[in-house]
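So the chains spell out like this:
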Amino acid sequence: MFEQLSPAAPDKILALMAEFRQDERSDKVDLGVGIYRDADGRTPVLSAVRKAEQRLYDAQDTKAYVGIAGDVGFNAAMIDLALGDALPRERVRGAQTPGGCGALRIIAELLNRARAGANVWLSDPTWPNHKPILAAAGLATRDYPYFDAATGKVKFDEMIAALSAAPAGDIVLLHGCCHNPTGANLTLDEWRALGEVLVARGLFPFIDMAYQGFGDGLIADAAGVRLLAGMVPEMAVAASCSKNFGVYRDRVGCAMLIGEDAARADLAFGQIQSVTRGAYSMPPDHGGAAVRIVLEDAALRADWQAELEGMRTRMLRLREAFAKALRQQTNSDRFDFLAEHRGMFSLLGLNDAEVARLKAEHGIYAVGGSRINVAGLPEDDLDRIAAAIVAVTSAAS
Ligand code: LMR
């Protein structure tokens with residue numbers, strides 16, 4: 001049987017993570033996979049999550065099944081977090097999923113049931129796992145222009161022009177905030193203008209919300225998504241708790257479905273539970289239960305928000321400091337965009353050969369396309385990193 005298989009292409013981000021682990025250089029720097037790191041380079045369990053887990057262990061008296069859509073309280077709290085009071089709650093349903101990837105995949109399966117082989121428009125560039133997830137669910141993909149490498153900004157007019165020509169019924173995948181990999185995001189006015197096009201063209205918004213709280217703050221990061229949710233008849237949101245709760249390995253996410261009315265929302269919710277049952281039956285409980293405990297308890301929630309704010313502001317400080325170090329070393333404003341971008345990632349604008357040299361000659365790991373994880377920057381070694389970037393870029397030679 002297995003001899004019939006051809007070798008699978010490794011996932012570039014996860015392959016880089018493995019390669020980094022094997023690298024024996026003591027001064028190696030991991031700017032690859034999107035994992036938050038503190039000033040000591042650690043990814044600690046958040047204190048609110050640890051306390052919630054303790055409560056969970058103390059109170060849990062059964063491991064019996066919870067249900068296909070997971071923890072009802074978790075789903076309600078996640079809907080609150082992402083959508084607030086943007087629309088009547090009766091139009092929204094939530095299903096807990098194994099991570100944000102799980103949410104993306106089961107929503108994609110649901111959309112394929114609604115419209116087999118439908119086209120999903122993806123930002124150019126987008127997170128490298130979007131296409132494989134959508135393709136695995138049977139959906140086709142097209143790209144819309146998004147990032148202007150020369151200015152470090154969103155090509156909004158071109159994006160709107162492409163989507164204005166998209167056939168009705170197509171799906172548009174949008175990053176709710178903290179665009180991965182570019183770090184360049186839509187303004188609220190742009191979200192509004194985009195919403196008008198989506199409504200006018202009959203396009204379905206599918207939001208990937210993996211970094212809420214890592215950009216401009218928990219509420220500010222949800223503002224575009226909430227605005228859109230109030231404008232469009234239907235929408236889906238794949239939310240992840242990996243980053244903002246630091247529960248990466250516990251796989252905690254939520255698939256949210258917005259219907260035109262409660263009956264349509266129920267229809268979609270029934271189908272997504274059937275998708276789930278046919279895939280993994282039910283989501284794992286532990287991480288979702290811990291997140292629910294944090295979100296439902298005022299003190300733990302305050303504790304979590306303070307820690308999240310600490311992560312966010314640290315990334316902002318790193319952005320500023322790194323842009324400054326690069327400005328000094330290049331004697332130019334070429335990398336100033338780093339301070340304007342938001343979230344974990346930015347694209348440095350290096351070519352593949354330069355990215356390869358960063359790794360080989362300096363032990364600095366960035367994802368192909370020159371994406372860096374800002375949280376991985378060592379605060380006290382920014383000048384060395386900046387010097388390495390200057391050394392490998394042809395502009396400096
Ligand atoms: C990333 O983009 O690095 C993260 O979302 C981790 C992943 O699964 O790729």
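Conventions used here
- Residues numbered from 1 in each chain as written.
- Predicted model: local features only at pLDDT ≥ 70, side-chain atom pairs only at ≥ 80, totals over all residues.
- Heavy atoms only, no water.
- Near = heavy atom within 4 Å.
- Polar contact = N/O pair within 3.5 Å; in protein donor to acceptor, adjacent residues only side chain to side chain.
- 1 Å grid on protein atoms, 1.4 Å probe; cavity = no way out; pocket = protein on both sides within 12 Å on 5 of 7 lines; lining within 4 Å.
- Sits in = over half its atoms within 2 Å of the grid points.
- Nonpolar A, V, L, I, M, F, W, Y, C, P; charged D, E, K, R; others polar.
- Domains from an automatic or database assignment.
- Contact = heavy atoms within 4.5 Å.
- Buried area = accessible area lost by both parts, 1.4 Å probe.
- Buried < 20%, exposed > 50% of the residue type's maximum accessible area, 1.4 Å probe, protein only.
- Helix = DSSP H or I, 4+ residues; strand = E, 2+ residues; numbered from the N terminus.
- Arc of directions from axis to C-beta.

A. Representation of the site of the ligand in the model. Taken together, Ile13, Val33, Gly34, Trp127, Asn180, Tyr211, Lys243 and Arg371 form the complete shell of residues around the ligand. The contact in question runs from an oxygen atom of the ligand to an N or O atom on the backbone of glycine 34, over 2.7 Å. Between an oxygen atom of the ligand and a side-chain N or O atom of arginine 371, the distance comes to 2.8 Å. Spatially, the ligand is embedded in the largest pocket. The residue inventory of the shell around the ligand, partitioned by class, reads 4 nonpolar, 2 polar and 2 charged. Each of two domains, domain 1 (10-44 + 312-392) and domain 2 (49-296), supplies a minimum of three residues to the shell around the ligand.

B. Structural detail: the domain arrangement of the protein. On domain assignment, one finds that the protein holds domain 1 (10-44 + 312-392) and domain 2 (49-296). One C-alpha centre belongs to domain 1, the other to domain 2; they are set 27 Å apart. Domain 1 puts 18 residues into the contact, and the matching count from domain 2 is 22 residues. Here domain 1 meets domain 2 over a buried area of about 1,600 Å², counting both sides, of which 60% is carbon and sulfur.

C. Spotlight on helix α13 (residues 352-362). Where α13 is concerned, the buried positions are Glu354, Val355 and Leu358. Buried positions in α13, seen along its axis, are confined to an arc of 105° and lie on one side of it. In α13, the exposed residues that point more than 90 degrees away from the buried face are Asp352, Ala353 and Ala360. Residues of α13 that are buried in the fold lie against β12 (364-366) and α14 (382-392). Just beyond α13, the residue with positive phi is glycine 363, at close to 65°.

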